[in-house]
Every structure is written in structure tokens, then in C-alpha cells.
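For reference, the chains in residue letters:
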Amino acid sequence: MTADATDVVEHRRLIIAGTGISGLSAAIYAARSNNDPLIFEGDEPGGQLTLTTDVENYPGFPEGISGPELITNMKKQAQKFGAETKNGIIESVTPVGEGADRTFRVELKNGDVYTSDAFIAASGASARTLDIPGQEELMGYGLSTCATCDGAFFRDEKIMVIGGGDAAMEEANFLTKFASTVYIVHRREEFRAEDVWIDRTMEKVEAGEIELMLNTEAIELHGSKEDGMQSVTLVRHPEGHPTEKLDDPETEEFDFDVGAVFYAIGHTPNTEYLNELDVETDEEGYIITEGGRGAGQTKTGVDGLFAAGDVVDFHYQQAVTAGGMGSKAAIDADDYLEELDRARAAASAAEPATAESDD
Ligand SMILES: Cc1cc2nc3c(=O)[nH]c(=O)nc-3n(C[C@H](O)[C@H](O)[C@H](O)COP(=O)(O)OP(=O)(O)OC[C@H]3O[C@@H](n4cnc5c(N)ncnc54)[C@H](O)[C@@H]3O)c2cc1C
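Here goes a summary of the coordinates provided.

Cut-offs and rules
Residues numbered from 1 in each chain as written. Predicted model: local features only at pLDDT ≥ 70, side-chain atom pairs only at ≥ 80, totals over all residues. Heavy atoms only, no water. Helix = DSSP H or I, 4+ residues; strand = E, 2+ residues; numbered from the N terminus. Buried < 20%, exposed > 50% of the residue type's maximum accessible area, 1.4 Å probe, protein only. Contact = heavy atoms within 4.5 Å. Pairing = 2+ DSSP bridges. Axes fitted to C-alpha atoms, helices over the stretch in contact; angles between N-to-C directions. Core = buried A, V, L, I, M, F, W, Y, C linked by side-chain atoms within 4.5 Å. Patch = residues over 30% accessible without salt bridge, like charges linked within 9 Å, V, L, I, M, F, W, Y side chains within 5 Å. Areas by Shrake-Rupley, 256 points an atom, 1.4 Å probe, with all protein chains shown as cover. Salt bridge = Lys/Arg side-chain N within 4 Å of Asp/Glu carboxyl O. Lys, Arg positive; Asp, Glu negative; His and termini not counted. Charge placed at Lys NZ, Arg CZ, Asp CG, Glu CD. Near = heavy atom within 4 Å. Polar contact = N/O pair within 3.5 Å; in protein donor to acceptor, adjacent residues only side chain to side chain. Nonpolar A, V, L, I, M, F, W, Y, C, P; charged D, E, K, R; others polar.

## Focus on the overall build of the chain
Okay, step 1: A count of helices and strands for the chain gives seven helices and 19 strands.
Okay, step 2: Viewed in the frame of its principal axes, the chain has a C-alpha envelope of about 90 × 45 × 40 Å.
Okay, step 3: In the chain, which comprises 359 residues, the proportion classed as buried is 47%.
Okay, step 4: In the chain, once contacts between residues fewer than 6 apart in sequence are set aside, the share between residues at least 24 apart is 64%.

## Considerations on the sheet that holds strand S15 (residues 228–236)
Okay, step 1: The three strands are arranged S14-S15-S16 in an open sheet whose pairing can be described as antiparallel. Taken across any chain shown, the strands that pair with only one partner, and hence form the sheet edges, are strand S14 (216–224) and strand S16 (252–257). Mean inter-strand twist for the sheet, computed between neighbouring axes without regard to direction, equals 25°.
Okay, step 2: As paired strands, S14 and S15 are joined by eight bridges and run antiparallel to one another. Bridge pairing in S15 links His222 to Ser231.

## A few points about the nonpolar core
Okay, step 1: If you look at the biggest cluster of nonpolar residues, it comprises 55 residues, and the most contacted ones within it are Ile21, Ile90, Val93, Phe119, Ile120 and Leu274.
Okay, step 2: Beyond its immediate sequence surroundings of up to four residues, Phe119 is in contact with Leu14, Ile15, Ala17, Ile90, Val93, Phe104, Val106, Tyr273, Leu274, Gly304, Leu305 and Phe306.
Okay, step 3: In terms of nonpolar packing, the next biggest core, distinct from the first, is built from 20 residues, Ile159, Ala168, Phe178 and Trp197 among them.

## Brief notes about helix H5 (residues 166–175)
Okay, step 1: Across the ten residues that make up H5, a large majority, seven, are buried.
Okay, step 2: Here H5 has its buried residues at Ala168, Met169, Glu171, Ala172, Asn173, Phe174 and Leu175.
Okay, step 3: As for H5, its buried residues are in contact with helix H4 (147–150), strand S11 (158–162), strand S12 (181–185), helix H6 (195–206), strand S13 (210–213) and strand S17 (260–263).

## Some remarks on a negative patch on the surface
Okay, step 1: Among the surface-exposed residues, Glu194, Asp195, Asp199, Glu203 and Glu206 lie close enough to one another that they form a single negatively charged patch.
Okay, step 2: Along the polypeptide, Glu203 turns up in helix H6.

## Quick look at the pairing of S11
Okay, step 1: Counting buried residues along S11, four of its five residues qualify, which places the element largely inside the surrounding structure.
Okay, step 2: Relative to S12, S11 runs parallel, the two being bridged by five bridges. The residue of S12 that forms the bridge with Val161 is Ile184.
Okay, step 3: In this sheet, S17 lies alongside S11 in parallel orientation, the contact comprising four bridges. Note that in S17 the partner of Met160 across the bridge is Val261.

## Notes on the site of the ligand
Okay, step 1: Surveying the vicinity of the ligand reveals 34 residues, the closest of which are Ser22, Glu41, Glu44, Gln48 and Ala319.
Okay, step 2: Backbone polar atom of Thr19 to an oxygen atom of the ligand: 3.2 Å apart, as the coordinates give it.
Okay, step 3: For the ligand, a nitrogen atom lies 2.9 Å from a polar atom in the side chain of Asn57.
Okay, step 4: Coverage of the ligand by the protein amounts to 92% of the 1000 Å² it exposes when considered alone.
Okay, step 5: Mapped onto the shell around the ligand, the elements with two or more residues apiece are helix H1 (21–32), strand S3 (54–55) and helix H7 (319–358).
Okay, step 6: Residue composition of the shell around the ligand, by class: eleven nonpolar, 17 polar and six charged.

## Digging into the sheet that holds S17
Okay, step 1: Ordered by their spatial adjacency, five strands build an open sheet running S10-S17-S11-S12-S13, and the pairing between neighbours is parallel. Looking at which strands have only one partner, the edges of the open sheet turn out to be strand S10 (143–144) and S13.
Okay, step 2: H5 rests against S11, S12, S13 and S17 of the sheet, and its axis sits at about 170° to S11.
Okay, step 3: Its contacts with the sheet place H6 against S12 and S13, and it is angled at close to 105° to S13.

Laid out in C-alpha cells, this is it:
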């Protein structure tokens, strides 16, 4: 594949995938370094923070700030320094050319093609699902992956939250605003969440607003588009992970009536558009960057490709850490682009001399 100049809408020094907090932090830094960044929004403009109402742990906002407001402010800040944001989902990124002439060909789903000298992948992660019977039919009809978006539809209903990490605790606590009772279904005995979230959840358990269903997993969802979620088939084993022990006589199976189910079982990193670059990922698809100490922590194994935020970070997955990593990616990209400028200047300075010696 070549970046035929005729089909290219525009060439930029730097293209960034994603307007979540990591992409926008990268954009602020890159714009202030005169790297003229173009940022594509993807299918979730503003990223995951637009799905949450209160962000209480982002430094600098003692009273908290809403996720959408934080993102809007950051977008304005990036644009103030010259960053450009565009609607568009990136379909593929391919390298074109060699050495100092190498560029990235960035093709959007609508067929538009851009090129860039450097690229920052800040494409975050998408909510994971269980892939059990009933899921496809009921998604959006009683099954959801976003409590803040859909919780209010299920006032006074029994609501089930599936998961055992921070997201599950946060979603369950939030859903107590609407639910008659929230049931947390978790496949193990212990939660993998921050202490503050476990403490808040246990307070609600004591108040009777949340019930815990531990060592339990959902295996089927029942309902219809017309009637919504009706019930869930669950399995329970005293030692946890019951779906791995379905034939064990200690595994019990039972149906439980609920009005809604929310998945809160983690995320899958959005990296499909990078398949043609052969960028190294871990077994779950998170991009592997240099990491460690000193400069170049956001470099990937592909020259000129940097990555930041939840698409890399499977562990911290926080606004402040994603933003911090975005700023590092912009600084690393700036170092790369400066070196590229020097290499190109040296190559063009060498050209006339070569031409003369040919005469
Ligand atoms: C409900 C909820 C509440 C949360 N609350 C908090 C909180 O209170 N405090 C906190 O610190 N963290 C919170 N988080 C976590 C925080 O939102 C994430 O860690 C953070 O948003 C990650 O930022 P990111 O920029 O890496 O990725 P994301 O926010 O996931 O953004 C990814 C961006 O990439 C774009 N994209 C994806 N694929 C493509 C493509 N092919 N082409 C172009 N663009 C693409 C998307 O459209 C999106 O704009 C919460 C998360 C959720 C879901």
C-alpha cells in the first residue's frame, strides 16, 4: 500500500488516535511544542470519562468535576494551542517509505487518508462482555455496560452488577440511587478493588442497599426486547470460579429475578486499527511500550509510534495516570520528530554535493 499523494487529504507532523484524557493531554503538550497535532475522536468522543458524572480524584478539583466538563475543558485547552480535533474512526495505520522518509498512512473508516511523521495511539479500552446466551438480544434492553448512562431507566428495580473490581463497586454504589436492591455477582470470594470502594460498598451492604453474591457467575440472561430483563441463571461454587466447575456436585445452579444487569468486568484495549503495524501487545492486546525510567517510556517497537493511557495501562486505568502518560507520549514524539528533522536536513544538505559529483 502506498500513500499516493493524490488520495491524501493532508499530511501532519503528528496524528493522535483518541480524544480521551490521554489523547487530549498529548494534544496539549504536542500543540505547545509546535507539532501541529491532529486528533481523531473515534466512536467515543471524549472517551470513558464522558460516561461518568463525578470525578472526585482528579487533582486540582477539591469539589470534584464532572467527566464531560473535564474533557470539554481539556479539549478547549488543546485547541487554544492549535491542536485540531476531527470526527473520524481510524481503520488502519500503515508505514510507508523507509528511514527518514518513512511516514504513517492513516486511513479512516469513511475512506479518507491522512499521513503523519509520528503517531500516538491513545485509543483507550472498551467495556468487556461475557458472551452468554441472551446477551445479544438484551443489550440495550435491560443489559448495559454503563451504569451512569442507563441506571436511571431502572428505578425501583432489582439490579445486578457483574464484576469485582473498582468499576463494579463504583457502578453498584451509583446504582443504589435507583435500584430497590443492587446485587453484586462476583466469581471469587475477594474483591479486586480499591479499599475506599470496598468500604463504601460494605456500608451499603450493611444498610441493606447492596447484597453480595460471591463465588457466583451468570451463565444465561432471560427476557425479551419487549419485556426487558426478567431473570439470570447463576451458578455458585463454594470455592469460586463456578463456570470452571460445572460438573462438580458442589456447584449449584439457580435462576434469579432482576430488572436489569450491568456488566462491569473490565475492558478490551482498542488496537485493531494497528494490526498492519505489527506493534507488540500482551496476551490481552494491551500495547507494550518501553516503560521503565528516563526518556522514551511511551515508545513502542515501531519507530515513530507511541502509545499512552488505557490502551497500554491495564493496571492503573485512571484519568490522572492516562493523562500523565499522554503528556509523556507527546514529549517522546517531540524528541523523535526533532531527530527526524535533523536527519531530513542532513539528507537534503547532502543532495547537491552528490549531484555535483555525478557531473
Ligand atoms: C464509568 C467510568 C467512570 C470512571 N471514573 C473515573 C474516575 O472517577 N476517576 C478516574 O481517575 N478514572 C475514572 N475512570 C477511568 C478513566 O475514565 C480512564 O482511565 C480514562 O478515561 C482512560 O483514558 P484514555 O484516554 O486512555 O482512554 P479513553 O477514555 O478510553 O478514550 C479513548 C479514545 O480513543 C478513541 N478511539 C478508540 N478507537 C479509535 C480509533 N480506531 N480511531 C480513533 N479514535 C479511537 C475513542 O473514541 C476515545 O475518544 C472511569 C471510567 C469509567 C468507564
